[in-house]
Amino acid sequence: MDPLGARSQFVEVQNLPTWDQCDGEEEGEASPRDEVDRLDGSCLSPFPFREDINRKIVLFKGDVALLNCTAIVNTSNETLMDKNPISDSIHTHAGPELRDELFKLKGCRTGEAKMTEGFRLAARFIVHTVGPKYKARYRTAAESSLYSCYRNVLQLAKEHAMVSVGVCVISTAKRGYPPEEATHIALSTSLHTSAKSMYRKLLPLYYPRSRAEELSSLPLLPADVGNREGEPVVPERQIRITEKPGSLPDDREGSGLGLGLGPVGSHAFARMEGDVDKQRKQVLQRQLSEAAQHKQHERNYNRWLFKARAEDLSDIAALKALYQTGVDMCGRTVMVVVGRNIPVMQIDMEKALLYFIHVMDHITVKEYVMVYFHTLTGEHNHLDTDFLKKLYDIVDAKFKKNLCAFYFVHPTFRSKVSTWFFTTFSVPGMKEKVHHVETLQQLFRCILPEQIDIPPFVLEYDTRVRLRGGAPPNLHTPLTTKLSSFLAPKLRENRTCAQKVVWLRYCEHAFTPTGPVWGNVDEWCVGGVGVI
């Protein structure tokens, strides 16, 4: 009761029935008596009957934000600003101070847990954790992440000597985790939890209320209940330890990588590819042949390519930062990268890498060139050198072999210095292929205007820069008059080409006082027909 006599909305955990007080026959629970007779009394369950533990477990169906306990758990996303019923209720009852405090935490990684005050809640603390997004092909990773969520929550509870913790369903429906699988992980992590009806069905498997219930639950447990801490265990991912890993064996094993492995790496994967640890050691000692290194690199690239084809990359494609256009003077495919369309700080750079591999894989089977527009880019558009080095190391050999030229359009002094350092010390094989292009006139000497799609802001910027460098051109010179008389009939024949007028206006400025950049005017006008 509050001071005015009104009933409090908060729920006292001391008044809730504990697990040992719950009737085992309700809500579809199976009676243990039918199973006990068929089981040997000597069977040992990994989750034995313990009355002291059952007295500490409360199965609560309701709003976790209303529990009056030491701490409650909030399930959220990586920004800690997720919109789900549990988070919304906690924010509503805790007040605006909670949101201000979460901004200071600067997010939380999947599987981790962070703690704040409870503010206006009855609970003293709020433990925020981020559950995994479930995908069937990444089931093991999702299980490990969900286990880490519960484990880190318990660790914080232990460090702060919490008396009672109200734990919600961490993996919400929004994250797509199957409810029954998530419940098994929650209970096998030795957690005192408050949850929904699914927990009532599975709770007797992990917290039996009698010896009979313990025996009857034994056949119903999953085949893999993890280790003694409840952590999922995958034998293929266990660390392999060998004696004296830093020393070379006395007897040379020849060229075969799979010989003499003994018990180490005896599983199917190792028999197919050889001992991974041994290969890495030989690379460091410069003993792995060039062919073996190439094969290992090719396998790694194929894994990235397979992942790129399976991933949804529509959000990266919508940026229009990478696209294919025409061909250069030598008939080689031209790929365009628009630096201004790459919001480095706002996108997942691993997905950007996957999109690059997905788009470029079929282009790089033959010779190609790349044009990078550095025009009007800011700090938030600049790619990190570590990312570029990672990209260079991952891509297949055909990417590097068939790249004939990389045109860096509208570079700044800083970008020139960065490019020199990067191509000199990180990827020396690229240095001779990089060409800095100050204006579009220089670019058109290698790629005709009609063979490349240039963003409008690049055209405007280039025109503005050239006009600042000299007097505005006379638009009534004999040259422009000749151009107009040649192109006007073409414009009248096809109204849809009115959008190309910007090319005409640009080309009027693309001539020096001594003559056109591209040679004879008549030859250029013939090329102009292609533009129209």
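Up top is the structure.
Thresholds applied
Residues numbered from 1 in each chain as written. Predicted model: local features only at pLDDT ≥ 70, side-chain atom pairs only at ≥ 80, totals over all residues. Heavy atoms only, no water. Helix = DSSP H or I, 4+ residues; strand = E, 2+ residues; numbered from the N terminus. Buried < 20%, exposed > 50% of the residue type's maximum accessible area, 1.4 Å probe, protein only. Axes fitted to C-alpha atoms, helices over the stretch in contact; angles between N-to-C directions. Left-handed = near helix turned anticlockwise from the far one by under 90°. Contact = heavy atoms within 4.5 Å. Nonpolar A, V, L, I, M, F, W, Y, C, P; charged D, E, K, R; others polar. Expected span 1.5 Å × (residues − 1). Polar contact = N/O pair within 3.5 Å; in protein donor to acceptor, adjacent residues only side chain to side chain. Salt bridge = Lys/Arg side-chain N within 4 Å of Asp/Glu carboxyl O. Pairing = 2+ DSSP bridges.

**Q** I keep staring at the environment of Phe60 and nothing clicks. Help me out?
**A** Summarising the element assignment, Phe60 is placed in the loop between helix 2 (51-54) and strand 2 (67-68). Residue Phe60 is classed as buried on the basis of its relative accessible area, which comes to 14%. Between the C-alpha atom of Phe60 and that of Val13, which follows or precedes it by 47 residues, the distance is 9.1 Å.

**Q** For this particular structure, what's the right way to read the packing of helix 13 (residues 349-360) against helix 14 (residues 385-394)?
**A** A pair of packed helices is characterised by two quantities: the angle between their axes and the separation of those axes. At a minimum axis distance of 11 Å, the contact between helix 13 and helix 14 shows a crossing angle of 35°. The way helix 13 lies across helix 14 gives a crossing that is right-handed. For the pair helix 13 and helix 14, the contacting residues are Met349, Leu353, Phe356 and Ile357 in the first and Phe387, Lys390, Leu391 and Ile394 in the second. Its residues assigned to classes, the contact of helix 13 with helix 14 comprises 7 nonpolar, no polar and 1 charged.

**Q** I keep staring at helix 13 and nothing clicks. Help me out?
**A** Two residues of an α-helix separated by three or four positions point the same way, owing to the 3.6 residues in each turn. An ideal rise of 1.5 Å per residue puts 16 Å on 12 residues; helix 13 measures up with 16 Å between its terminal C-alpha atoms. Along helix 13, the residues that are buried comprise Lys351, Ala352, Leu353, Leu354, Tyr355, Phe356, Ile357, Val359 and Met360. With a side-chain oxygen positioned 3.0 Å from the backbone nitrogen of Glu350, the residue opening helix 13 is Asp348.

**Q** I tried to follow the pattern of salt bridges on my own but got confused; where do I start?
**A** Opposite charge on two side chains makes pairing possible when the charged atoms of those side chains draw close. Inspection of the entire model under this criterion finds 16 salt bridges. When the shortest N-O distance is used, the salt bridge between Asp52 and Arg50 registers 2.8 Å. Judged by its relative accessible area of 43%, Arg50 is partly exposed. Its salt-bridge partner being Glu51, residue Arg55 comes within 3.6 Å of it at the nearest N-O pair.

**Q** For this particular structure, what's the right way to read unusual backbone geometry?
**A** The general pattern is negative phi for most residues beyond glycine and trans for most peptide bonds. Positive phi, close to 55°, is recorded for Lys320, a residue that is not glycine. With respect to the secondary-structure elements, Lys320 resides in the loop between helix 12 (314-317) and strand 7 (322-327). A positive phi angle is found at Leu376, which is not glycine, with a value near 55°. For Leu376, the location among the structural elements is in the loop between strand 9 (368-373) and helix 14.

**Q** I would appreciate a short explanation of the sheet that holds strand 6 (residues 165-166) in the present structure.
**A** Strand pairing in a sheet is mediated by backbone hydrogen bonds. Such pairs are either parallel or antiparallel. Within the open sheet, the 4 strands sit side by side as 4-5-3-6. Their pairing is mixed. A single partner strand is all that each edge strand has here, and the edge strands are strand 4 (113-117) and strand 6. Pairing between strand 3 (residues 71-76) and strand 5 (residues 125-130): 6 bridges, direction parallel. Residue pairing for strand 5: Asn74 is matched across the bridge by His128. With respect to the sheet, helix 4 (residues 96-105) is in contact with strand 4 and strand 5, its orientation differing from that of strand 4 by roughly 140°.

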